[in-house]
Each structure stands twice: as structure tokens, then as C-alpha cells.
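Report on the structure
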Amino acid sequence: MAKSLAVLTSGGDAPGMNAAIRAVVRAGIYYGFKMMGVYKGYSGLLNGDVAELNLRSVSDILSRGGTILYTARSKRFMQLEYQKQAADYCRSLDIEGLVVIGGDGSFKGARALSNQGIPCVGIPGTIDNDIACSDYTIGFDTAMNTAVEMVDKIRDTAASHDRCSVVEVMGRHCGDIALQTGIAVGATAILVPEIEHDLERDVISRIYEQKDTGKKHFIVIVAEGVGGVQEISHYIQHRTGIETRATILGHVQRGGSPTLMDRLMATSMGVSAVHLLANGVGNRVVAYKNGDIVDYDITEALDMPRVFDKDLYDIALEVSI
Ligand code: F6P
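In this numbering scheme, every chain counts its residues from 1 along its sequence in written order. Restriction of local features to residues with pLDDT of at least 70 applies here, the model being predicted, together with a cutoff of 80 or more for giving and counting side-chain atom pairs; totals for whole chains, interfaces and linings are based on all residues. Excluding hydrogens and water, the side-chain figures rest on all heavy atoms present in the structure.

Quick look at the nonpolar core
We call a set of buried residues a nonpolar core when its members are Ala, Val, Leu, Ile, Met, Phe, Trp, Tyr or Cys and they connect through side-chain atoms within 4.5 Å of each other. Relative accessibility under 20% of the residue-type maximum defines a buried residue, over 50% an exposed one, and the middle range a partly exposed one, all with a 1.4 Å probe and only protein chains included. Counting residues in each nonpolar core, the largest one holds 56 residues, and the members touching the most others are Val7, Ile21, Val99, Ile101, Ile123 and Ile221. Each of two domains, domain 1 (4–139 + 258–303) and domain 2 (141–255), supplies a minimum of three residues to this core. Only heavy atoms matter for contacts: two residues are in contact if any of them lie within 4.5 Å across the pair. Not counting chain neighbours up to four residues away, the residues in contact with isoleucine 123 comprise Val24, Val99, Val100, Ile101, Gly102, Phe107, Ile138, Met269, Gly270 and Ala273. Ala87, Cys90, Leu98 and Leu113 belong to the second-largest nonpolar core, a separate cluster that totals 29 residues. What counts as a domain boundary in this text is fixed by an automatic or database domain assignment.

Given below as C-alpha cells:
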């Protein structure tokens, strides 16, 4: 049987995952491997949901959001017995390496499977940009561009009515989407889970200061991890008398055609992952660091503390006055 490599997507989907799958499949075939696609994340390895992908299987997916391999969060795969079963299944198909596109949870699965003798390489694919070892995760740019487009529309109507709009963007533990989107839309206030907030100091007083200089409509961006946009909205209306509306952007941020940035990152990371596996190297995560594509041991990557960009947060505070 020809030596094979496999690829799967796991966790929440992200625009650019298809571009990464395409890069992995094309690079794998370029280096002489038979390429296999695993469907629905790690569950596919437990259910035998695997199929060969050829050069044309990945045609015309570069510009498509979502993932042609589907994705899932497999609870069963967290147990050792299923990790062993998945590794045996890979061996039965002569799969010599696996590329896992996903977030931290997916990388833990990749480490578990590497420990069972199947070399795995992770690629950061999540809109949240919450992978500590990488300055960038596939999907982040597209998600933010979608959020910016939506908030620009919300601003049009907020301006027409002299209203305040409180908008929740995605990011459970990470405020990067909120911070960068907030700067790009000129938000009056940005609330992120990494920085404790006080509504009076960080929102109400900022609205009052801007109102005093003639501003009549306001955008407040709140990360999902902070939550409570309805309550925040009621509070603003109650304290300022400004009519206030809350909007949760939700999963609209997870879809859509990937931006150039996401296509480029996905392609570079996908090819790098195949280079590692072609050289027999596994248990690594590909990352973007200081302008370069690099790779880290999975445990080292998972143990890295995530650093919030406080300088960028301070820039936001200086200009939204
Ligand atoms: O991790 C990506 C993400 O979109 C988070 O921003 C969000 O909290 C979560 O996934 C939502 O997950 P689900 O699609 O399962 O609702």
C-alpha cells in the first residue's frame, strides 16, 4: 500500500480551513503521498469515516468558508481506549502522519495520537486568535472583516437615530476580535475578558466625555467572554438617557469566503505541516511568529501563556476620545 498522510478539521470551523486542507493535500501529493481526508474531526477515525482526496477533490475550495471535511468536538476521543483505537485504525490504512487543523483542544488530541505512534502536526485554525504560540490563527482576519462590515452597518442606523449600539463579537476567552474590530470601527468603548472593567469608568464616563464634545451616536464593542450585552445596553440607556440597542453578531463571523490573509496563512501553514510529516517529524504545532512560519512541540505550545496586546488596547483608549 502507498504511504499515506491524512488531514482533519476539529473544533469550531473557521474561514480558511478549506484553503489549509487544499494546501495539505496538494503538498502531500507533490511529495508522493496518498492523501486521506478524515470527516467530522477525530470522530472520523473512530467511525471509519475516511476517504482518499486527490488533486481535484480540493479544487475550487480555496475561496469557500466552512470545511469540506466537516468538524466536530469528539468527547470519546478524550479517552485513552479510543485514542488507541484511532491509532490502530490509522495503521490499518498505512497513515504515517496526520495534520490537525483546529484550536488548543484539537492539539491535545493531536498530542494524544502522536503518543500512540501516529505523528501529528497541528495548524492553528480558529477565528478567536487564541493560540498562545502563534501570532495568528486561520480565520481571524475574515471574522474581523465580517464584524467590521456588520458594525459599519449598525453605525449607519445608530447615527440616524442618535443612538448607542452595544455589539457583542465572538471570543469566549480572548478579546482580540473585540479589540481589533473595536479600533477599526472607532468604538467609544471596548470590553474584553482579559481586562477587568468598570461600566461607569470604562463606558459611561467615556460616553459623557464624547457627548460633551458633540458626539451623538456611540458604538460599544463587547467580547463574548464578557457577555451581558442586554444588561450593558439597559444600563447605558438608564444612566445616559441615550436610546441604546444591543446586537449579538454570533455565527455570522464564522462563515464567508476567507480573506487574502487567511488564504495565504492557510497555504503556508498547510505546506509547512506536510514538510514536517514528510521528514517523519510529529507532535508539533505550526505557528506564525514574528513574521515567520515556525513550529513548536505540542506540549510546549499548549503550556505557553497567552499575552494580551495591552499596547494596542492603550492605542484604542487614546483615539476613542
Ligand atoms: O472558538 C471559536 C468560537 O467561534 C468562539 O468564538 C465561540 O465562543 C465558540 O466558537 C462558539 O462555539 P459553537 O459554534 O459551538 O457555538
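Focus: the site of the ligand
A single heavy atom is enough: if one lies within 4 Å of a molecule or strand, its residue is considered near that molecule or strand. Near the ligand the following residues occur: Arg73, Thr126, Ile127, Asp128, Met170, Gly171, Arg172, Glu224, His251 and Arg254. Side-chain atoms alone can form a polar contact between residues adjacent in sequence; in general such a contact is a pair of N or O atoms within 3.5 Å, and within protein one must be able to donate a hydrogen while the other accepts it. Between the ligand and arginine 73, the relevant distance is 2.8 Å, taken from an oxygen atom to a side-chain nitrogen or oxygen of the residue. The method behind every accessible area is Shrake-Rupley, applied with a 1.4 Å probe, and residues are considered shielded solely by the protein chains displayed. About the coverage of the ligand: the protein hides 79% of its 400 Å² of free accessible area. Residues from two domains meet in the shell around the ligand; each of domain 1 (4–139 + 258–303) and domain 2 (141–255) gives at least three.

Concerning the environment of glycine 227
Positionally, glycine 227 belongs in the loop between β8 (218–223) and α8 (229–240). As a C-alpha pair, glycine 227 and arginine 172 span 55 residues in sequence and 8.9 Å in three-dimensional space. Working definition: helices are DSSP H or I runs of at least four residues, strands are E runs of at least two. Numbering for both runs from the N terminus.

Considering a nonpolar patch on the surface
Residues enter patches when their relative accessible area tops 30% and they take part in no salt bridge; the joining distance is 9 Å for like charges and 5 Å for the nonpolar side chains Val, Leu, Ile, Met, Phe, Trp and Tyr. Salt bridge, as used here: a side-chain nitrogen of Lys or Arg that lies within 4 Å of a carboxyl oxygen of Asp or Glu. Together, Ile183, Ile315 and Val319 give the surface a local cluster of nonpolar side chains, amounting to about 250 Å² of exposed area. Mapped onto the fold, isoleucine 315 is located in helix α11 (residues 310–319). You can call isoleucine 315 partly exposed: its relative accessible area is 45%.

Digging into the packing of helix α6 (residues 176–185) against α11
In a packed pair of helices, the relevant descriptors are the angle between the two axes and the axis-to-axis distance. Axis lines are fitted to C-alpha atoms, over the contacting stretch for helices. Their N-to-C directions set the angle, which ranges from 0 to 180 degrees. Running from amino to carboxyl end, α6 crosses α11 at an angle of 30°, the nearest separation of the two axes being 10 Å. Comparing their axes, α11 and α6 come out roughly parallel. Note on packing geometry: the crossing formed by α6 with α11 is left-handed. Contacts from Leu179, Gln180 and Ile183 in α6 reach Leu312, Tyr313 and Ala316 in α11. When residues are sorted by character, Ala, Val, Leu, Ile, Met, Phe, Trp, Tyr, Cys and Pro go into the nonpolar class, Asp, Glu, Lys and Arg into the charged class, and all the rest, Gly among them, into the polar class. Here the contact of α6 with α11 is built from residues that sort into 5 nonpolar, 1 polar and no charged. Note on angle classes: values under 35 degrees are labelled roughly parallel, values over 145 roughly antiparallel, values of 65 to 115 roughly perpendicular, and the remainder oblique. Crossing handedness is defined as follows: a turn of the near helix away from the far one that is anticlockwise and smaller than a right angle gives a left-handed crossing, while the clockwise case is right-handed.

Observations concerning the pairing of strand β6 (residues 164–169)
Taken across its 6 residues, β6 has 6 buried, putting it largely inside the fold. The two faces of β6 match: Cys164, Val166 and Glu168 on one face and Ser165, Val167 and Val169 on the other face are all buried. Two elements, β6 and β8, share 6 bridges in a ladder whose sense is parallel. Within β8, the residue paired with valine 167 across the bridge is isoleucine 221. Bridge count between β6 and strand β9 (residues 244–248): 5 bridges; the pairing is parallel. Following the sheet pairing, glutamate 168 is matched in β9 by isoleucine 248. Strand pairing requires that DSSP identify at least two bridges connecting the strands.

A word on the domain arrangement of the chain
Interface size is often expressed as the accessible area that is lost when the parts come together. Along its sequence, the chain is organised into domain 1 (4–139 + 258–303) and domain 2 (141–255). Look at where the C-alpha atoms of domain 1 and domain 2 centre, and you get two points 34 Å apart. At the interface, 14 residues of domain 1 touch 13 residues of domain 2. Put simply, buried area is how much 1.4 Å-probe accessible surface two parts lose in total, over both of them, once they are put together. When domain 1 packs against domain 2, the two sides together hide about 1100 Å² of surface, and 51% of this comes from carbon and sulfur. Summed over the shared surface of domain 1 and domain 2, the number is 1 salt bridge. For aspartate 13, the salt bridge goes to arginine 254, with nearest N and O atoms at 2.7 Å. There are 9 residue pairs in polar contact (both at pLDDT 80 or more) connecting domain 1 and domain 2.

Description of the pattern of salt bridges
Enumeration over the complete set of coordinates arrives at 11 salt bridges. With its nearest N and O atoms 2.7 Å apart, the salt bridge here joins arginine 306 to aspartate 176. Linking arginine 306 in the loop between α10 (298–303) and α11 with aspartate 176 in helix α6, this pair joins segments that are 130 residues apart in sequence. Owing to a relative accessible area of 7%, aspartate 176 belongs among the buried residues under this scheme. Close ionic contact of aspartate 314 with lysine 310 constitutes a salt bridge, the shortest N to O distance being 3.0 Å. Of the two residues, aspartate 314 and lysine 310 both sit in helix α11, 4 residues apart, roughly one turn of that helix. A residue is classified by how much of its surface remains accessible, and aspartate 314, at 28% relative accessible area, is partly exposed.

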